[in-house]
Amino acid sequence: MSHEGIRFVSAEEAEQNAELESRKLPPDAVTPAKVLVKKTEGTGVEIDWRDGHKSAWSFFWLRHACPCATCHEEREASGRAPGEPKPKPQTLLPMYEPPVKPLEVSPVGKYALRFKWSDGHESGIYSWEYLRRQCGCEECKEA
Ligand SMILES: [Zn+2]
Ligand SMILES: [Zn+2]
């Protein structure tokens, strides 16, 4: 009998594995019980999760947290966190920019939301998991 292939996991590796496990969210934490898209009010999205937690994001934040590859890479390159807007160039006469809002919000299967924004962008798929990990409530911000 060969023992090849059996590998002892070092304490460090075990710790890393445990950390990865703990980062995996339980299904109830990434399953919405209620999704409220306040399109008419123009405010944002609110989600009540199955585990009892509540999250809310403004449309402004959501637009700047677009998870599509282009926006993600652009944020990574400039070191911005999801939801953080691009710094505006300082001009003497700032142009008025109407706040970006969603023209359409549609579910993607059972796992995500998709926004068609008023600035024409629509490639971001906002999965429940992404949104839950970006919950901005006090409790999550501290964790
Ligand atoms: Zn994007
Ligand atoms: Zn939270």
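See the structure printed just above.
**Some remarks on the coordination of the zinc ion (ligand 1)**
Note on the zinc ion (ligand 1): its protein donors are Cys66 (SG), Cys68 (SG), Cys71 (SG) and His121 (NE2). The metal-donor distances range over 2.1 to 2.3 Å. Note on His121: relative accessible area 18%, which makes it buried.

**Looking at the sheet that holds strand S6 (residues 125-127)**
In spatial order, the strands read S4-S5-S6; together these three strands make up an open sheet with antiparallel pairing. Each end of this open sheet is capped by a strand with a single partner; those strands are strand S4 (102-108) and S6. Pairwise comparison of adjacent strand axes, ignoring direction, gives a mean angle of 25° for this sheet.

**What to know about the pattern of salt bridges**
Per the stated rule, a full pass over the model turns up nine salt bridges. Across the salt bridge formed by Asp48 and Lys34, the nearest N and O atoms sit 3.8 Å from each other. One end of the pair, Asp48, is in strand S2 (residues 44-49); the other, Lys34, is in strand S1 (residues 32-37), and 14 residues separate them in sequence. A salt bridge links Lys54 to Asp48, with the nearest nitrogen and oxygen atoms 3.3 Å apart.

**Description of the nonpolar core**
In terms of nonpolar packing, the biggest core is built from 19 residues, with Val45, Trp57, Leu62, Phe115, Tyr126 and Leu131 touching the most fellow members. Taken together, the elements giving at least two residues each to this core come down to S2, helix H2 (59-64), strand S5 (112-117) and helix H4 (128-133). Residues contacting Leu131, with those up to four places away along its chain left out, are Ile47, Trp49, Trp57, Leu62 and Tyr126.

**Section: the packing of aromatic side chains**
Scanning the model with the defined rule gives four aromatic pairs in all. Ring centres of Phe115 and Trp117 lie 4.9 Å apart, and the angle between their planes is 10°; on these two criteria the pair is classed as stacked. Accessibility classification places Phe115 together with Trp117 in one group, the buried group. Joined through ring pairs, the aromatic side chains of Phe59, Phe115, Trp117, Tyr126 and Tyr130 make up one cluster.

Cut-offs applied
Residues numbered from 1 in each chain as written. Chains lettered and ligands numbered in written order. Predicted model: local features only at pLDDT ≥ 70, side-chain atom pairs only at ≥ 80, totals over all residues. Heavy atoms only, no water. Donors = N, O, S within 2.8 Å, 3.2 Å for Na, K, Ca; no water. Buried < 20%, exposed > 50% of the residue type's maximum accessible area, 1.4 Å probe, protein only. Pairing = 2+ DSSP bridges. Helix = DSSP H or I, 4+ residues; strand = E, 2+ residues; numbered from the N terminus. Axes fitted to C-alpha atoms, helices over the stretch in contact; angles between N-to-C directions. Salt bridge = Lys/Arg side-chain N within 4 Å of Asp/Glu carboxyl O. Core = buried A, V, L, I, M, F, W, Y, C linked by side-chain atoms within 4.5 Å. Contact = heavy atoms within 4.5 Å. Phe/Tyr/Trp six-rings, centres within 6.5 Å; stacked < 30°, edge-to-face > 60°.

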